[in-house]
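A look at the structure
Residues per chain, in single letters:
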Amino acid sequence: MPRGYSRERTSVHNLHYHFVWCPKYRKPVLTDEVADRLEQLIEEKADELALDILRLAIQPDHVHLFITGNPKLAPNKIIQQVKGYTSRNLREEFDFGLPSLWTRSYFVSSAGEVSNQIIEEYIEAQTGR
């Protein structure tokens, strides 16, 4: 098995997702104990979803999360779970004065060990073109 790949019963995969999201109105509320608690909550949810956190950066007005993916979970379901869980718990513990903690939007990008060019060359070699 190549390094970095995970094996499931019916699949082999190497998925990485970079998510970025921010609080409503990009309000800088993710500081001090809020940031510490947010990190704990994200780690809890990642464990529950069997995802590995590769990098996590919490800025006052946005969050970067780089994680391994699971082919059973679509990226939109991952971020929905993370944002929902963290929002519910943080809003119970802290008063942000916001109608909701997170905006509805987010950024996601996939990343991997192989470039698009390598994949295209591989497919071309397989088809003999």
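My aim in this report is to walk through the structure given alongside it, one point at a time. (Residues numbered from 1 in each chain as written. Predicted model: local features only at pLDDT ≥ 70, side-chain atom pairs only at ≥ 80, totals over all residues. Heavy atoms only, no water.)

1. Topic: a nonpolar patch on the surface
A cluster of nonpolar side chains, namely Tyr5, Val12, Val114, Ile118, Ile119, Tyr122 and Ile123, defines an oily patch on the protein surface of about 630 Å² accessible area. Element by element, the count of residues in the nonpolar patch is highest for helix H3 (residues 116–127), at four residues. Along the chain, Ile123 turns up in helix H3. Ile123 gets classed as partly exposed once you look at its relative accessible area, which sits at 47%. (Patch = residues over 30% accessible without salt bridge, like charges linked within 9 Å, V, L, I, M, F, W, Y side chains within 5 Å. Areas by Shrake-Rupley, 256 points an atom, 1.4 Å probe, with all protein chains shown as cover. Salt bridge = Lys/Arg side-chain N within 4 Å of Asp/Glu carboxyl O. Helix = DSSP H or I, 4+ residues; strand = E, 2+ residues; numbered from the N terminus. Buried < 20%, exposed > 50% of the residue type's maximum accessible area, 1.4 Å probe, protein only.)

2. Structural notes on the nonpolar core
Membership of the largest hydrophobic core comes to 24 residues, with the highest contact counts inside it found for Phe19 and Trp21. Secondary-structure elements contributing two or more residues to this core are strand S3 (16–21), helix H1 (32–48), strand S5 (62–68) and helix H2 (75–93). Once residues within four sequence positions are removed from consideration, Phe19 is found in contact with Val63, His64, Leu65, Ile67, Pro75, Ile78, Ile79, Tyr106, Phe107 and Val108. (Core = buried A, V, L, I, M, F, W, Y, C linked by side-chain atoms within 4.5 Å. Contact = heavy atoms within 4.5 Å.)

3. Re a negative patch on the surface
A cluster of like negative charges, contributed by Asp32, Glu33, Asp36, Glu39, Glu43, Asp47 and Asp52, occupies part of the molecular surface. Following the sequence through the fold, Glu33 ends up in helix H1. (Lys, Arg positive; Asp, Glu negative; His and termini not counted. Charge placed at Lys NZ, Arg CZ, Asp CG, Glu CD.)

4. Digging into H2
Compared with the 27 Å implied by 1.5 Å per residue over 19 residues, the 27 Å span of H2 between its first and last C-alpha is a close match. Close packing links the buried residues of H2 with S3, H1 and S5. (Expected span 1.5 Å × (residues − 1).)

Purely geometric numbers; function is a separate question.
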